[in-house]
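Observations on the three-dimensional arrangement
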Amino acid sequence: EQPPAGLAKADWYTIENAEDPGAAPALIANALGYCLARTDWPATRAFVRAEAGSPEAKAGLARLVPHVAGCVPAGQKLTLDGDRLHTIMTETVFHAVSAEVAP
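It should be emphasised that the depicted structure is a prediction, and the values quoted were computed from it without experimental measurement. (Residues numbered from 1 in each chain as written. Predicted model: local features only at pLDDT ≥ 70, side-chain atom pairs only at ≥ 80, totals over all residues. Heavy atoms only, no water.)

**Some points on the overall build of the protein**
What counts, and what does not: Helix and strand definitions follow DSSP, with helices as H or I runs of at least four residues and strands as E runs of at least two, each counted in order from the N terminus. Three labels apply to residues, based on accessible area from a 1.4 Å probe with only protein chains included: buried if under 20% of the type maximum, exposed if over 50%, partly exposed otherwise in between. In what follows, residue pairs with any heavy atoms lying within 4.5 Å of each other are defined as contacts. In short, Shrake-Rupley with a 1.4 Å probe defines the accessible areas, and a residue's cover is counted only from the protein chains shown.
Broken down by element type, the protein carries six helices and zero strands. The order of α-helices and β-strands along the protein, N terminus first, is α-α-α-α-α-α. For the protein, with 103 residues in total, the buried portion stands at 35%. Considering only residue pairs separated by 6 or more positions, the protein has 73% of its internal contacts joining residues 24 or more positions apart. Entry remark: accessible area of the protein is about 6300 Å², with carbon and sulfur atoms responsible for 58%.

Quick look at the structure:
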């Protein structure tokens with residue numbers, strides 16, 4: 001229930017990925033996911049754990065959406081819908097939790 005320590009490590013990807021211009025959308029999505037998770041871990045957790053379309057998923061989404069604009073790097077654009085945001089947040093949680101238990 002507490003935010004995982006892995007939320008502090010947002011750069012799980014390799015430097016080669018970061019230098020690839022084609023990777024920009026994925027890196028923006030990564031930054032968005034980590035920012036949202038750090039901003040509201042309880043909403044992130046509820047959103048990721050909830051069944052798609054459930055009241056819990058809708059409540060988590062409603063809590064996260066107001067923070068999206070503040071989490072996308074200035075000058076960048078990212079097209080989102082609820083399903084895409086769920087995928088981003090699920091990946092974020094996976095990497096944050098995995099980083100916590102990695103050696």
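Still more to cover.
**Comments concerning helix H3 (residues 41–49)**
Going by this rule: Our arc is simply the arc of the directions from the helix axis toward the C-beta atoms. Pairing of N or O atoms within 3.5 Å defines a polar contact, subject to two protein rules: one partner must be a possible hydrogen donor and the other a possible acceptor, and residues neighboring in sequence count only if both atoms are side-chain atoms.
For H3, the full list of buried residues reads Trp41, Ala43, Thr44, Phe47 and Val48. Along the axis of H3, the buried residues cluster in a sector spanning 160 degrees; they form a single face. The N-cap of H3, judged by a side-chain oxygen 3.0 Å from the amide nitrogen of Ala43 a few residues on, is Asp40.

**Observations regarding the pattern of salt bridges**
We apply this condition: The term salt bridge refers to a pairing of a side-chain nitrogen on Lys or Arg with a carboxyl oxygen on Asp or Glu at a separation within 4 Å.
A full pass over the atoms with the stated rule returns one salt bridge. Here Asp40 ties to Arg63 by a salt bridge, and the two come within 2.8 Å at their closest N and O atoms. Here the residue Asp40 occupies a position in the loop between helix H2 (24–39) and H3, and Arg63 occupies one in helix H4 (residues 55–64), the gap between them amounting to 23 residues. Exposure remark for Arg63: the relative accessible area of 41% places this residue in the partly exposed category.

**A short note on the state of the cysteines**
As a reminder of what qualifies: Defined by distance alone, a disulfide is two cysteine sulfur atoms within 2.5 Å.
If you walk through the whole model with that rule in mind, you get one disulfide. Shown here is the disulfide that connects Cys35 with Cys71, its sulfur atoms set 2.0 Å apart. In this structure, the disulfide formed by Cys35 and Cys71 twists by about -65 degrees around the S-S bond and is classed as left-handed. Placement of the pair is Cys35 in helix H2 and Cys71 in helix H5 (residues 68–71), with a sequence separation of 36 residues.

**Brief notes about the confidence of the model for the protein**
Selection criterion: pLDDT measures how confident the predictor is about each residue, on a scale from 0 to 100.
Taken residue by residue, the protein gives an average pLDDT of 84. The fraction at 70 or more is 86%. Across the protein, the element-wise mean pLDDT spans from 67 in helix H1 (residues 15–19) up to 93 in H3.

**Some points on the side chain of Thr44**
Along the chain, Thr44 falls in helix H3. In this view, Thr44 contacts Leu36, Ala37, Leu64, Met89 and Val93; residues no more than four positions away in its chain are not counted.

**Overview of the packing of H3 against H4**
Convention followed: Helix axes are fitted only over the stretch in contact, all axes being lines through C-alpha atoms; the angle between N-to-C directions runs from 0 to 180 degrees. Helix crossings fall into two classes, left-handed where the near helix is turned counterclockwise from the far one by less than a right angle and right-handed where it is turned clockwise. Three categories are distinguished: nonpolar for Ala, Val, Leu, Ile, Met, Phe, Trp, Tyr, Cys and Pro, charged for Asp, Glu, Lys and Arg, and polar for the others, with Gly belonging to the last.
The N-to-C vectors of H3 and H4 enclose an angle of 145 degrees; their axes lie 8 Å apart at closest approach. Regarding H3 and H4, the two cross each other, and that crossing is left-handed. Across from Pro42, Ala43, Thr44 and Phe47 in H3, the residues of H4 making contact are Ala57, Gly60, Leu61, Arg63 and Leu64. Here the residues of the contact of H3 with H4 are counted per class, giving six nonpolar, two polar and one charged.

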